[in-house]
Amino acid sequence: ASVPIGAFMADLMEEFRFELEERQVRLEYTDRTEQVLPVRLDGKRMHQAIRNIISNALKYGPEEGLVIKAVLSKQGDSACIELSDNGPGIPADKLPHIFERFYRIDNERTKDLSSTGLGLAIARELVEAHGGKITAASEEGKGTCFTITLPLAG
Ligand code: ATP
Ligand code: MG
């Protein structure tokens, strides 16, 4: 169905904000759109894609002082959702692989976590099922930013 992405995101971010506050994590959501943007959206699938990204921020981010920022904007013919964290970041040579199935970065911090390396591969499939794209940018020691772009319904 064609859904106004601003209303969808406002509801979703409110839900996550509530969940994250219980874990002392701050979620800051900004809607930079100036008009209603209809997107052909499967709400459950987009919810899951965003959940996978947020759960990584929780898993790999600092135990104290984690801040997740979400921004909705319009970029040309697309709606753009940016999700950034102030976690450890991802080394540049590893970044191109993070959307591959079963790809994990093993290190002292993460070796004990029970993870399969599927979260981002699934997020990418879910976003691409909307005709959209997902990319990541990261700086070690500063954090990581995921960008989801979704075509506007014509
Ligand atoms: P799963 O999601 O299946 O539990 P996973 O979290 O290891 O396992 P992905 O979500 O696909 O798998 O992430 C792949 C790898 O990318 C992770 O192992 C982690 O090393 C790195 N990564 C993902 N998100 C972040 C992030 N926000 N900050 C730092 N590293 C990240
Ligand atoms: Mg994950």
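Residues numbered from 1 in each chain as written. Chains lettered and ligands numbered in written order. Predicted model: local features only at pLDDT ≥ 70, side-chain atom pairs only at ≥ 80, totals over all residues. Heavy atoms only, no water.

### Things to note about the sheet that holds strand 7 (residues 143–151)
Overall, mixed pairing links the five strands, which are arranged 2-4-5-7-6 in an open sheet. Every interior strand has two partners, whereas the edge strands, strand 2 (26–31) and strand 6 (133–139), have only one. Mean inter-strand twist for the sheet, computed between neighbouring axes without regard to direction, equals 15°. Here strand 2 pairs with strand 4 (residues 67–75) via six bridges, running parallel. The residue of strand 4 that forms the bridge with Leu27 is Ile68. (Pairing = 2+ DSSP bridges. Helix = DSSP H or I, 4+ residues; strand = E, 2+ residues; numbered from the N terminus. Axes fitted to C-alpha atoms, helices over the stretch in contact; angles between N-to-C directions.)

### A look at the packing of helix 1 (residues 5–21) against helix 2 (residues 43–60)
Viewed as axis vectors pointing N to C, helix 1 and helix 2 meet at an angle of 35°, and their least axial separation amounts to 12 Å. Classified by chirality, the crossing of helix 2 by helix 1 is right-handed. Touching Phe8, Met9, Leu12, Met13, Glu15, Phe16, Glu19 and Leu20 of helix 1 are Gly43, Met46, His47, Ile50, Arg51, Ile54 and Leu58, all from helix 2. (Left-handed = near helix turned anticlockwise from the far one by under 90°. Contact = heavy atoms within 4.5 Å.)

### Quick word on the pairing of strand 4
With eight bridges joining them, strand 4 and strand 5 (residues 78–85) adopt antiparallel strand pairing. The partner of Gln75 across the bridge, within strand 5, is Ser78. Between strand 4 and strand 5, which pair antiparallel and follow one another directly, the connecting turn spans two residues, one of which, Gly76, has a positive phi of 60°.

### Quick word on the packing of aromatic side chains
Under the defined criterion, the tally for this structure stands at one aromatic pair. Here Phe99 and Phe146 contribute two aromatic rings whose centre-to-centre distance is 6.2 Å and whose plane-to-plane angle is 90°, an arrangement assigned as edge-to-face. With Phe99 in the loop between strand 5 and helix 3 (119–128) and Phe146 in strand 7, this pair connects stretches of sequence that are 47 residues apart. A relative accessible area of 10% means that Phe99 is categorised as buried. Looking at Phe146, the relative accessible area reads 4%, which means it is buried. (Phe/Tyr/Trp six-rings, centres within 6.5 Å; stacked < 30°, edge-to-face > 60°. Buried < 20%, exposed > 50% of the residue type's maximum accessible area, 1.4 Å probe, protein only.)

### Remarks on the site of ligand 1
In the vicinity of ligand 1 lie 17 residues, with Asn56, Tyr60, Asp85, Arg104 and Thr116 positioned nearest. Between Lys59 and ligand 1, the recorded distance is 2.9 Å, taken from a side-chain N or O atom to an oxygen atom. Interatomic distance of 2.6 Å between a side-chain N/O atom of Arg104 and an oxygen atom of ligand 1. Taken by itself ligand 1 offers 600 Å² of open surface, and the protein chains cover 92% of this. Of all the secondary-structure elements, those providing two or more residues to the shell around ligand 1 are helix 2 and helix 3. By residue number, the principal contributor to the shell around ligand 1 is helix 2, which donates three residues. For the shell around ligand 1, the residue count by class is seven nonpolar, seven polar and three charged. (Near = heavy atom within 4 Å. Polar contact = N/O pair within 3.5 Å; in protein donor to acceptor, adjacent residues only side chain to side chain. Areas by Shrake-Rupley, 256 points an atom, 1.4 Å probe, with all protein chains shown as cover. Nonpolar A, V, L, I, M, F, W, Y, C, P; charged D, E, K, R; others polar.)

### Focus: the environment of Asn86
With respect to the helices and strands, Asn86 occurs in the loop between strand 5 and helix 3. In the structure, Asn86 is positioned 54 residues away from Glu140 in sequence and 9.9 Å away in space, judged by C-alpha atoms. Every residue in contact with Asn86, bar those within four places of it in the chain, is listed here: Pro62, Gly65, Leu66, Val67, Lys142 and Gly143. Side-chain polar atoms of Asn86 contact the backbone oxygen of Gly65, separated by 2.9 Å. In this structure the side chain of Asn86 is engaged in a polar contact, spanning 3.0 Å, whose partner is the backbone nitrogen of Val67.

In short, geometric facts, not functional conclusions.
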